[in-house]
Amino acid sequence: MEQFFQLEGHKLAYHPDRVADFLAGCLVWPIYAEISPTSDCNHHCRFCNFNYLGHQGAYFPSGRLLTLVDELKQAGVKAVVFAGAGEPSLHPDTFPAIRRAREIGLDVAMSSNGAALQDRQLREMAQYLTWVRFSVNGGTPAAYAACQGTGAGDLNVVLDNITRLFKYKESFASSLTIGAQCVLLPENQNTLVELARRLKQA
């Protein structure tokens, strides 16, 4: 029965041509690239090393994200993920870059805390993204606020955004995969069942 529970940790099996080029000594580009549009964030999570270091938020120069996705496509990259050190939705070029990446044939994904997303952005996520992963670190407003360094009201904002995104997914007949992740901390450990319940309802 053990073979039924094995998990493959990488996607190289789907790209034998890239493996063959590597074994032949050719210059091989990554299969996917992760782009951090900004290191700025609207939350200050307890577990974030950038918050611990007291960093100053930086942004990709205006227009650079759009040219970068073109360059990645030309290099042979197959997918891009907008994530990284900060909240990607805060950069004004993130969603234009998502649209551009999809237009030129790249798979596109995003990680977000979900609190700053606007309705137009939710519509575009349903239309253009392959998957999105929300960071939701508490099942009650108090636990969420303690873990993510924000106001308690943001939990309901995020859950409402997830609900609206799911409705857009249905309306566009989108294949978008919507997921959530949580970092286990003393401040949220007793709220995870409630978090799972609320995410299931969202």
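Above this note sits the structure.
Residues numbered from 1 in each chain as written. Predicted model: local features only at pLDDT ≥ 70, side-chain atom pairs only at ≥ 80, totals over all residues. Heavy atoms only, no water.

Considerations on the overall build of the protein chain
Next, step 1: Helix and strand counts for the protein chain come out as 8 helices and 5 strands.
Next, step 2: The order of helices and strands in the protein chain, counted from the N terminus, is α-β-α-α-β-α-β-α-β-α-α-β-α.
Next, step 3: At 18 Å, the protein chain has a C-alpha radius of gyration in line with the 17 Å of a compact globule built from 202 residues.
Next, step 4: Principal-axis analysis of the C-alpha atoms places the extent of the protein chain at approximately 55 × 55 × 40 Å.
Next, step 5: For the protein chain, the proportion of its 202 residues judged to be buried stands at 38%.
Next, step 6: Roughly 11,300 Å² of accessible area belongs to the protein chain as shown, and the carbon and sulfur atoms make up 56% of that amount.
Next, step 7: When the 18 positive and 19 negative side-chain charges of the protein chain are each reduced to one mean point, those points stand 4 Å apart. (Helix = DSSP H or I, 4+ residues; strand = E, 2+ residues; numbered from the N terminus. Rg over C-alpha atoms; globule rule 2.2 N^0.38 Å. Buried < 20%, exposed > 50% of the residue type's maximum accessible area, 1.4 Å probe, protein only. Areas by Shrake-Rupley, 256 points an atom, 1.4 Å probe, with all protein chains shown as cover. Lys, Arg positive; Asp, Glu negative; His and termini not counted. Charge placed at Lys NZ, Arg CZ, Asp CG, Glu CD.)

Points about the pattern of salt bridges
Next, step 1: Under the definition given, this model contains 10 salt bridges.
Next, step 2: Here E71 ties to R64 by a salt bridge, and the two come within 3.1 Å at their closest N and O atoms.
Next, step 3: Overall, E71 belongs to the partly exposed group, its relative accessible area being 37%.
Next, step 4: Ionic pairing is found between E103 and R100, a salt bridge with its closest N-O pair at 3.9 Å. In this pair, E103 and R100 both sit in helix α4 (residues 94-103), 3 residues apart, roughly one turn of the helix.
Next, step 5: Of the residues examined, E103 reaches a relative accessible area of 59% and is grouped as exposed.
Next, step 6: Residue class for R100 comes out partly exposed when judged on its relative accessible area of 29%.
Next, step 7: Members of the salt-bridge network, linked through shared partners, are D119, R123, D160 and R164. (Salt bridge = Lys/Arg side-chain N within 4 Å of Asp/Glu carboxyl O.)

Side note on the side chain of S111
Next, step 1: In this fold, S111 is placed in strand β3 (residues 107-112).
Next, step 2: Within the structure, S111 has its side chain in polar contact with the side chain of R133 (distance 3.1 Å).
Next, step 3: For S111, the residues in contact, after removing those within four places along its chain, are F82, A83, P88, W131 and R133. (Polar contact = N/O pair within 3.5 Å; in protein donor to acceptor, adjacent residues only side chain to side chain. Contact = heavy atoms within 4.5 Å.)

Brief notes about the packing of aromatic side chains
Next, step 1: Using the criterion set out here, one finds 1 aromatic pair in the structure.
Next, step 2: With a centroid separation of 6.4 Å and an interplanar angle of 25°, the aromatic rings of Y168 and F172 are classed as stacked.
Next, step 3: Classification of Y168 by relative accessible area gives buried; the value is 18%. (Phe/Tyr/Trp six-rings, centres within 6.5 Å; stacked < 30°, edge-to-face > 60°.)

Some remarks on the sheet that holds strand β2 (residues 79-82)
Next, step 1: The strand order across the open sheet formed by 5 strands is β1-β2-β3-β4-β5, and the pairing between neighbours is parallel. The open sheet has two edge strands, β1 (32-35) and β5 (177-181), and neither has a second partner. With strand direction ignored, the average angle separating the axes of adjacent strands in the sheet is 15°.
Next, step 2: Bridge analysis of strand β4 (residues 131-135) against β5 gives 5 bridges, and the strand direction is parallel. Residue pairing in the sheet places R133 in a bridge with G179 of β5.
Next, step 3: Together, β4 and β5 form the strand contacts of helix α7 (residues 154-171), whose direction differs from that of β5 by roughly 160°. (Pairing = 2+ DSSP bridges. Axes fitted to C-alpha atoms, helices over the stretch in contact; angles between N-to-C directions.)

Focus: the pairing of β4
Next, step 1: By the bridge criterion, 4 bridges tie β3 to β4 in an arrangement that is parallel. Residue pairing in the sheet places A109 in a bridge with W131 of β4.

Section: the side chain of D93
Next, step 1: Within the secondary structure, D93 is located in the loop between β2 and α4.
Next, step 2: Although D93 is buried, it forms no salt bridge, and the closest oppositely charged side chain is R99 at an N-O distance of 8.3 Å.
Next, step 3: Only 2.7 Å separates the side chain of D93 from the backbone nitrogen of G63, close enough to count as a polar contact.
Next, step 4: Discounting chain neighbours no more than four positions away, the residues touching D93 are P61, S62, G63, R64, L65 and L66.

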